[in-house]
Every structure is written in C-alpha cells, then in structure tokens.
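Structural description and commentary
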Amino acid sequence: MFAAREEKGDALALIGAGEALTFAALVERVEDCLARFDRLHATLDGAQPIALHALPRPATIYWIYACLARRIPLVLLHPRATAAERRQLAHAAGAAWAIEGEQIEALEVEPAFRERWRGWSEQGAMALIFTSGSEGRARGVLLKREACLAAARASAAHLGSESDDRWLLCLPLAHAGGLALLLRALYQRQPLVLSDSLSFEPEKIAAAIESHRVRCVSFVPTMVERMLHELPAYRPPPWLRLVLVGGAAAAPSMLQEARRRGYPLRASYGMSETLGQVATQREGEDLDPLPGVELRIREERIELRSPTMMMGYLEEGELHPAQDAEGWLRTGDRGELIEGRLRVLGRFGDLVHSGGEKVDPLEVEHLLAEVAEVRALCVFGLKDRHWGEVVAAAVVAEMPLEALLPKLQARLRAHLAPYKHPRRWVALTSLVYNATGKLDRRATQRLALESLQKSCGVVGSET
C-alpha cells in the first residue's frame, strides 16, 4: 500500500461515493484506520482476525488495506447478510474483533481458538472468505498472503495490462471475485471504480462504464444476461476492452449474443479456494491455464495444483487442507483437457441419474436457452420411484409455459436423445440466485416443487 504511494502517489486510485482519490489520498484514509488500531494497541492482537462487514463502500476498502498493512487476518462478511448471520459467522471463524461501519467491537473467543489463529497468522493467513455454497453449504476458505499475491500476479500476466486500464468493482468484496479484483488493482497500481449498490443494477453499471471510462469489469453470467435483457439497445463503448465472465456456467448462446452486441467477453474458470480464476479464455472457446497453474483430469474430474491455493477449510474451529500430499485439489467439476486447454463440462453433483443414464443439466439448459421466449431456466433431477430420477425443468418465459411448451419439446426432439428430455415442467416468475449472482439450483428446485404442490399438478408432464 505504502509502496503504491511512493510509486504513483498522484495517480488516480479509487472512485466511489462521489470521490476520486489518488494513491496518496487513499493511503491517508488507510493511515486513519491504522491510527484507530494504534489506539487499541493494548487489546488489539495482530495475530487475531477482524470480522469486517464488507459493504460496497470506500471505507470497507480502507479497512481491508489497513489490515493488509498490519498483517491482521480478515474475516469478510457478505454485505447482504443479516446482523444475526454476521455475528454467527464471526463467532464460527473465531474473530476477535468486528468492524461495522465506524464501530469496532471486541468479541469473545475461546483461548484455544486464539492459539490456533496465532499459528495460522505466523503461516501467513490473510483472509477468510466463504464460498457461494454451490455444493450445498458455504465453507470458510482461509487464504494465504503469498497465494493472493501469486493470484494477482498470474491474473495480470494472463489478462494483460494497459496504462489507462480502470476496473469496475461490482462483485461482493466478501467473495473471491471481488477481493481478487481489489488486490489486482493494488498490485497493478490501477484505478478502481466502486459500484456502491448492494444489488446489481444494469443502468448504473452502464452509466459507470460511460462516465468513468471503465476499461475492465468482472461479471457472473447472470449479470451479463441482465445487461442484455434490461438494456437491449445498449452497446458498450469502444474503450471497454475486457469483460471477464466466471463464477458459474454460461449458456453459449448468451455469450454469443453478448459478443454480437459488442461485449469483449473472456470466459473464466476459478473458485474461492484459489482466489478466483485458474483458467481464462484467450482465443477460441477453451480456457488457457494461468501462469503457474497445473491442470489434470482424473475420472472426468478437474484437478489442479497452483501457487494460489488456499491454506484450507475452516470448520468447527479446525483447519482442514483440501489438497492431497502432492498439492492437488480435486474439484467437484467435470472437464476435459484439449492440447493443454480446459473445457469445463459442469458439476458432478448436478448430473441427473435417470433409468441408468446420466443427463447433464447444462446441455439441456444451453439448448433451450436459445429459444427466444425463454428468459431463464433450471434443469434438475426429480425423484421418481420407477426411474430413480426424472429430468425436470423450471422455466421463466415471456409467455405462458403451456403455449411455449410445444416449441421447447420440438427443439428437444430435434437435438437430444429422449432420455434427456424433461418429463416435468414448471413455470416460475424468477429463479433463485445466491449472494454472488449464481444460480442456486437447490433453492430453485425447492421453489419449483412448492409451485408444483400448490398447483396440484405438473405442467406438460410426460410418461
């Protein structure tokens, strides 16, 4: 942080909340936070973590940089979490302090937990973030300082850097995508434009890109979809050079339409455990590993080894490494390597097992997403006494599902084997998305089942 002031003190560093701060001015704000730490020197133990309510505000960035400067571990809490949820997560993480706005509060921590944190801090623990829960529950991921620096370095090398780059931060700081962007901007000494809204608002995003000459932005697929749907006439300005898309599977038809409208998309694959991307598009559809990342496929499952790897999962006060003795992390994702480039095929847990056949929900979703009247859909398995599971689809459409169903089924018959066709259909007004904007399949499935039960029937069922 202080090196950035020496190197580029008069250069723009942060735009947010109506202010534009140079690196020198930003460091002054960080020093104010450090002065508050100093006033607590008798009780503030730098080896103990601070839980931070990570609102999309400049003050959050000041506190993060202050903790980095003092090597105080952070527990980053999502801005949309309730006060009760934040307190529960802070307690589960063993945080000794909590920062809410301008308030710093001491928390009670068991002595054994304090000793564990002292050891982790000595090993370079930097931040604890929580996964999006794509495997059914959120997990605490403890990130190491050296690994986060390696992630920033690898991303900069892979994506390239230009002197007038500006990144728009519209992902939560409490998740890998947002934190990675914050660290990347500092590493590259580039300005960061902060979106100060708790929710994603396409009109505000477009306005920020235009007014602040944003050149780079990270989206999850849902954000791209909303930009296309809610701003049909919008075309990105010529200075926007990079839209990084990751965090979830994206329909090829949606990506194709976005590129047709001028969005310079680069699809990416990554995870909280590696502070974001490990492979990103350069040319073509497949993904190139970032520098230092090793990939392999075992039994269709993606495994990786990287200098950006986390320290481990924090569960019930204990730290559990996820990688094996050789440093390989076995993911829950299916994929294949083609001449060293990665093709991601989906998640193992999402496969539908029907009558002895395996059905990939993404294959069905991508096919049906090309139907113009479909706004969004989620394909999942529904328990069945005869088949084990049957394929089901929850659809958000611009017309009644009963009227649209013949068109959907005709497309299925033309392109997919019968066992892949949904046997149960349900219309929804919206799908369920988690705090990072990813589709929450399990919650959407529960919502679809509730809708079916209320309607006392199944739309368009096939037997």
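Before going into details, it helps to say that this report is about the structure given with it. (Residues numbered from 1 in each chain as written. Predicted model: local features only at pLDDT ≥ 70, side-chain atom pairs only at ≥ 80, totals over all residues. Heavy atoms only, no water.)

1. Description of the pattern of salt bridges
Applying the stated criterion across every chain yields a total of 33 salt bridges. Glu318 is the salt-bridge partner of Arg116, the closest N and O atoms lying 3.4 Å from each other. On the criterion of sequence distance, the pair formed by Arg116 in helix H5 (residues 111-122) and Glu318 in strand S19 (residues 318-320) is long-range, its members being 202 residues apart. Taking relative accessible area as the criterion, Arg116 reaches 28% and is therefore assigned partly exposed. Where Glu257 meets Arg261, a salt bridge forms, and the shortest distance between an N and an O atom there is 2.8 Å. Of the residues examined, Glu257 reaches a relative accessible area of 23% and is grouped as partly exposed. Classification of Arg261 as buried rests on a relative accessible area of 13%. (Salt bridge = Lys/Arg side-chain N within 4 Å of Asp/Glu carboxyl O. Helix = DSSP H or I, 4+ residues; strand = E, 2+ residues; numbered from the N terminus. Buried < 20%, exposed > 50% of the residue type's maximum accessible area, 1.4 Å probe, protein only.)

2. Structural notes on empty space enclosed by the protein
This model, assessed by the stated rule, comprises two cavities of 30 Å³ or more. Of the pockets and cavities examined, the largest cavity occupies roughly 70 Å³. Taken together, Met1, Ala13, Leu14, Phe23, Leu26, Ile61, Tyr65, Leu182, Ala185, Leu186, Gln190 and Leu192 make up the lining of the largest cavity. For the lining of the largest cavity, the secondary structure elements donating two or more residues are strand S1 (12-16), helix H2 (23-39), helix H3 (58-70) and helix H7 (176-188). Top contributing element to the lining of the largest cavity by residue count: H7, with three residues. (1 Å grid on protein atoms, 1.4 Å probe; cavity = no way out; pocket = protein on both sides within 12 Å on 5 of 7 lines; lining within 4 Å. Points joined across faces, edges and corners; volume = space filled by probe spheres on them.)

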